[in-house]
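Working through the structure, step by step
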Amino acid sequence: MTQGEHSTFSGPSDLHLHSNHSDGTESPAEVVRAAFAHGIRTMALTDHDRTTGWTEAGDEAVALGMTFVPGIEFSSRHDWRSVHVLGYLFDPSDSALVAETERIRTDRVGRAERIVRSIGRDYDLTWDDVLGQTTPDATVGRPHIADALIARGIVHDRTEAFDGILHPRAGYYEPHYAPDPLTVVRLITDAGGVAVIAHPATSGRDRMMPVAFFDQLVDAGLAGLEIDHRENTADGRRMLREIAARHDLIVTGSSDYHGAGKPNRPGENTTSDEMVARIIARAAGSSPRFP
Ligand code: AMP
Ligand code: ZN
Ligand code: FE
Ligand code: FE
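Please read all numbers here as calculations on a predicted model, not as lab measurements.

With that out of the way, let us pick up the overall build of the protein. Along the protein, the regular secondary structure elements total 10 helices and seven strands. A compact globule built from 291 residues would reach a C-alpha radius of gyration of about 19 Å, and the protein, at 18 Å, matches this within 12%. If you line up the protein on its principal axes, its C-alpha atoms span 55 × 45 × 35 Å. Taking all 291 residues of the protein together, the buried fraction comes to 55%. Intrachain contacts of the protein at a sequence separation of at least 6 include 74% that bridge at least 24 residues. For the protein, the computed accessible surface area is about 11800 Å², with 48% contributed by carbon and sulfur atoms. Between the centroid of the 29 positive side chains of the protein and the centroid of its 43 negative side chains there is a distance of 4 Å.

Okay, structure coming up:
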């Protein structure tokens, strides 16, 4: 199978799933099996700021007769907002991209320690509790702190933790280092990849960036918008569809599966064959793995 030959994949396609290389609860192979069991036939693994799950996930996907699209969910920040940028089919050895993801992951550890120290003043929680919930190289995030709170019996599940102690309102929240979204779109694009803004229209603190900023992102190389995602609001989706139509952007849908860490199920939203074909045709940094 050569790169650019994209008639051989088949849907349904889910292009946003997480493993325990970031903050999902399952190994890459388990994530692939979960997607397969939910009827998915083309999938992307998009761990936060990390690409180490690609080989295991790709091997399992091919063994099951699925197509695997390598991906990432890159952390960025616009003003106070946390903005996630999905990257597909880029070169994972690109030095600028690797340096930036390493910087983010390193800072995430210090940030998580600061959050835990702050929580520890009011609750019986230590950094060791959090280390007990992560695999050695995982991208550390609030979900691991949530798992430590669960293990301590302080909350019942991640949702309760995020709605309470981990919510920015609760006073323990700290941001981590993250580059500007324009920088991230350029890093992914310059590494031969395809950049798609993840869940761009959530509610609350991370609500949608100004419409004019999307025009700048498109100028920087942005290829698409993830519109069919459970956290995008109805009004936001309408605005995103207008932006996508104006710039002829790729439109995706996905589950944002995190194993047992979130209620999201593989395939609850999907991406059309036409849009998957556009992503593959546009990419030059790495190849999908076909069955
Ligand atoms: P962080 O990047 O450390 O600030 O944590 C954000 C991560 O937590 C994202 O990957 C989300 O998928 C995850 N997350 C956000 N809200 C929830 C929730 N209610 N339950 C489980 N995970 C969540
Ligand atoms: Zn996550
Ligand atoms: Fe996200
Ligand atoms: Fe995600």
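Further remarks concern the site of ligand 1. As a matter of local geometry, ligand 1 sits amid 13 residues, with Asp23, His48, Arg111, Arg142 and Lys262 nearest to it. The side chain of His48 places a nitrogen or oxygen atom 2.8 Å from an oxygen atom of ligand 1. In the environment of ligand 1, an oxygen atom lies 3.0 Å from a nitrogen or oxygen atom belonging to the side chain of Arg108. Burial of ligand 1 by the protein amounts to 85% of the accessible area it has alone, namely 500 Å². Elements that contribute at least two residues to the shell around ligand 1 include exactly helix 3 (95-120), helix 5 (142-151) and helix 6 (158-163). No other element matches the three residues that helix 6 contributes to the shell around ligand 1. Classifying every residue of the shell around ligand 1 by side-chain character gives two nonpolar, five polar and six charged.

Time to look at the environment of Val140. Structurally, the position occupied by Val140 is in the loop between helix 4 (127-131) and helix 5. Overall, the relative accessible area of 9% leaves Val140 in the buried class. Measuring from C-alpha to C-alpha, the distance between Val140 and Thr106 comes to 9.0 Å, with 34 residues separating the pair along the chain. With sequence-adjacent residues up to four places away left out, Val140 is seen in contact with Arg108, Val109, Ala112, Trp127 and Thr134.

This part covers the coordination of the zinc ion (ligand 2). Asp23 (OD), Asp23 (OD), His48 (NE2) and His258 (NE2) make up the full set of protein donors to the zinc ion (ligand 2), lying at 2.0 to 2.5 Å. All donors of the zinc ion (ligand 2) belong to a single chain; written as a sequence motif, their spacing is D-x24-H-x209-H.

Turning our eyes to something else, we now look at the environment of Tyr173. On the secondary structure map, Tyr173 appears in the loop between helix 6 and helix 7 (181-190). Along the chain, Tyr173 and Arg114 lie 59 residues apart, while their C-alpha atoms are 9.0 Å from each other. Apart from the residues lying within four places of it in its own chain, the contact partners of Tyr173 are Arg111, Arg142, Leu166, Pro168 and Arg205.

Calculation criteria
- Residues numbered from 1 in each chain as written.
- Chains lettered and ligands numbered in written order.
- Predicted model: local features only at pLDDT ≥ 70, side-chain atom pairs only at ≥ 80, totals over all residues.
- Heavy atoms only, no water.
- Helix = DSSP H or I, 4+ residues; strand = E, 2+ residues; numbered from the N terminus.
- Rg over C-alpha atoms; globule rule 2.2 N^0.38 Å.
- Buried < 20%, exposed > 50% of the residue type's maximum accessible area, 1.4 Å probe, protein only.
- Contact = heavy atoms within 4.5 Å.
- Areas by Shrake-Rupley, 256 points an atom, 1.4 Å probe, with all protein chains shown as cover.
- Lys, Arg positive; Asp, Glu negative; His and termini not counted.
- Charge placed at Lys NZ, Arg CZ, Asp CG, Glu CD.
- Near = heavy atom within 4 Å.
- Polar contact = N/O pair within 3.5 Å; in protein donor to acceptor, adjacent residues only side chain to side chain.
- Nonpolar A, V, L, I, M, F, W, Y, C, P; charged D, E, K, R; others polar.
- Donors = N, O, S within 2.8 Å, 3.2 Å for Na, K, Ca; no water.

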